[in-house]
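# Descriptive structure summary
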Number of protein chains: 2
Amino acid sequence: MSHADTTVSSDAANNPCSDCARAGHCLGGALTADSLHPPQVVRRVVAKGEHLYHAGDPADTLYVIRGGATKTYVCSSDGEEEVRGFQLANDAAGLESVCDRSYHTNAVALSRSWVCKLPAAAVREKMTRSPSFRDRVLSKLCHEFERLYGMLHRGRCAADQRVADFLVTQLRGQDGDIRSEIDLPMSRTDLARYLGLTTETVSRAFTRLQERGVLKRRGAHCEIVNPAALQALS
Amino acid sequence: MSHADTTVSSDAANNPCSDCARAGHCLGGALTADSLHPPQVVRRVVAKGEHLYHAGDPADTLYVIRGGATKTYVCSSDGEEEVRGFQLANDAAGLESVCDRSYHTNAVALSRSWVCKLPAAAVREKMTRSPSFRDRVLSKLCHEFERLYGMLHRGRCAADQRVADFLVTQLRGQDGDIRSEIDLPMSRTDLARYLGLTTETVSRAFTRLQERGVLKRRGAHCEIVNPAALQALS
DNA sequence: CGAAACATTGAACCGCATCAATCAAAGTGG
DNA sequence: CCACTTTGATTGATGCGGTTCAATGTTTCG
């Protein structure tokens, strides 16, 4: 994945979205399309382990992930970490900034990541001015609802199903087609805390999937040998 | 609970919210406050077992429950019913009408219920006109997110904790104070399908809570003897 | 009253968590 | 570059909680 366009031209200094290939599909692009004066969207590189925000911080920024990967998580009352979601390229983090005063999750980079910061105030203002932009934001919220309902459903399935379902979800790109291989950016521990299982159980599920000839693993890389079988499980 | 105001005055025929005590706290009241010509909000009585909408129907109505109780549910691929939520007085059903074209759940009355139908088009239109109304709708969506996150957390707890946590949630009225007794409007089966457990496990959890002196049951009625102990569990 | 639906209780089984050990990969410092 | 440490992943053995199957008790309603 190339991030050559992070080198800032003088144009991009005023509007980082002007030289972004994804501007047409991104809330940031829409936010800066009818150009007001100052740069509203800011690009940033985030080191592995660095936080985008913490729970309780004033929710003043909507993040769009350009590259890399992040996770959102909370620490439950018993001290356990609950992973609420992973964000890859083109995903949003901190959507609660649209409808709440403060973040209720923590967000941290799983690897070196490239993100765009959209001021929540600008997003709200644009929502007021443009119903179509508002509908795009609502659509994002709607997708998040669907994802959460999916998580709830997964929580009622057996371990192998949870892992299979997760893989199917991850393999489906935003363009709709289904890839046959993937690099999982998160650790087994994070995946377990996302799926509501232990690392041991997740590990065993992967082993079983491999033994059945559904997939092959090489470290974080994961190749789907039998997509139909994977789909059938989830 | 009295529903005397369902008897329609000629005023109320044009605007059912004009004689509703809850109009000030209800999206319906806000929708009809700056009165346009025809009645936008329609009241209806829904018989037990009658559906408000089905999954796949065009999502053209936002429902507000005035009295009674409803549940939303989906039938998963394996034929099992998954209950996604219960709606009591002042709760909304069909929130997806704000951001989606069609409902993705079914909604059915658990008992004779009184509902208000808000046309989704009118809600969207008012959102465009009034940022504060828009923020109220967004706030509803935000609360739904919180509820879903709570459900996800509950899904990782033991059976007794799930039931205790559910009770605590139900006992907390929208005014913030905590009641000491409650009539559960849903069957054990529905509750089990909501909590991701079996009816037997839910039943045993209630029995254990009673044996520990936390609560007393008389049919659907549930009296909390030791609120502190209940809170401590959840 | 009698039937049907719902709720409760009991016994046995099974899947996941837990505890524990080994293995693999990635740094780190001499 | 190689020992050494550290971190993460895998595999194994055991126990427990919730499901499953089955029976009984309770409520509701024609």
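The name recorded for chain A in an unreviewed UniProt entry is Crp/Fnr family transcriptional regulator, from Banduia mediterranea.

## So, the relation of the copies chain B and chain A
The transformation that overlays chain B on chain A combines an axial shift of 0.0 Å with a rotation of 180°, and the residual RMSD is 0.0 Å. Look at the turn and shift together and you get a two-fold axis relating the two. Taken together, the interface assignments show that 100% of the residues at the interface of chain B recur at the interface of chain A, consistent with an identical surface on both copies.

## Some details on the protein's contact with DNA strand C
The environment of DNA strand C is made up of 16 residues, and the closest members are A:Ala159, A:Thr201, B:Arg188, B:Thr207 and B:Arg217. Among the atoms of DNA strand C close to the protein, meaning within 4 Å, 61% are from sugar or phosphate groups. For DNA strand C, a phosphate oxygen lies 2.7 Å from a polar atom in the backbone of A:Ala159. Residue B:Arg204 places a side-chain N or O atom 2.9 Å away from a base nitrogen belonging to DNA strand C. Of all elements in the fold, only helix H7 (199-211) of chain A together with helix H6 (188-195) and helix H7 (199-211) of chain B reach the threshold of two or more residues within the surface near DNA strand C. In terms of residue count, H7(B) provides more of the surface near DNA strand C than any other element does, four residues in total. Residue composition of the surface near DNA strand C, grouped by class: three nonpolar, seven polar and six charged.

## Describing unusual backbone geometry
Residue and element names in this part refer to chain A. Look at Asn90: it is not a glycine, yet its phi comes out positive at around 80°. Inspection of the secondary structure puts Asn90 in the loop between strand E5 (81-87) and strand E6 (92-93). Accessibility expressed as a relative area gives 29% for Asn90, which makes it partly exposed.

## Points about the interface of chain B and chain A
Between chain B and chain A, the residue contacts involve 30 residues of the former and 30 residues of the latter. When chain B packs against chain A, close to 3,000 Å² is buried across both sides, 62% of that on carbon and sulfur atoms. Contact with chain A buries surface across chain B, with B:Phe145, B:Tyr149 and B:Arg156 losing the most and accounting together for 23% of the total. Taken together, chain B and chain A are joined by two salt bridges. A salt bridge links B:Asp135 to A:Arg124; the shortest N-O distance between them is 3.8 Å. Among the elements of the structure, strand E5 (81-87), helix H3 (120-129), helix H4 (131-154) and H6 of chain B are those that each provide at least two residues to the side of chain B that touches chain A. Its residues assigned to classes, the side of chain B that touches chain A shows 15 nonpolar, five polar and ten charged.

Parameters at a glance
- Residues numbered from 1 in each chain as written.
- Chains lettered and ligands numbered in written order.
- Predicted model: local features only at pLDDT ≥ 70, side-chain atom pairs only at ≥ 80, totals over all residues.
- Heavy atoms only, no water.
- Least-squares fit on C-alpha atoms with pLDDT ≥ 70 in both.
- Contact = heavy atoms within 4.5 Å.
- Near = heavy atom within 4 Å.
- Polar contact = N/O pair within 3.5 Å; in protein donor to acceptor, adjacent residues only side chain to side chain.
- Helix = DSSP H or I, 4+ residues; strand = E, 2+ residues; numbered from the N terminus.
- Nonpolar A, V, L, I, M, F, W, Y, C, P; charged D, E, K, R; others polar.
- Buried < 20%, exposed > 50% of the residue type's maximum accessible area, 1.4 Å probe, protein only.
- Buried area = accessible area lost by both parts, 1.4 Å probe.
- Salt bridge = Lys/Arg side-chain N within 4 Å of Asp/Glu carboxyl O.

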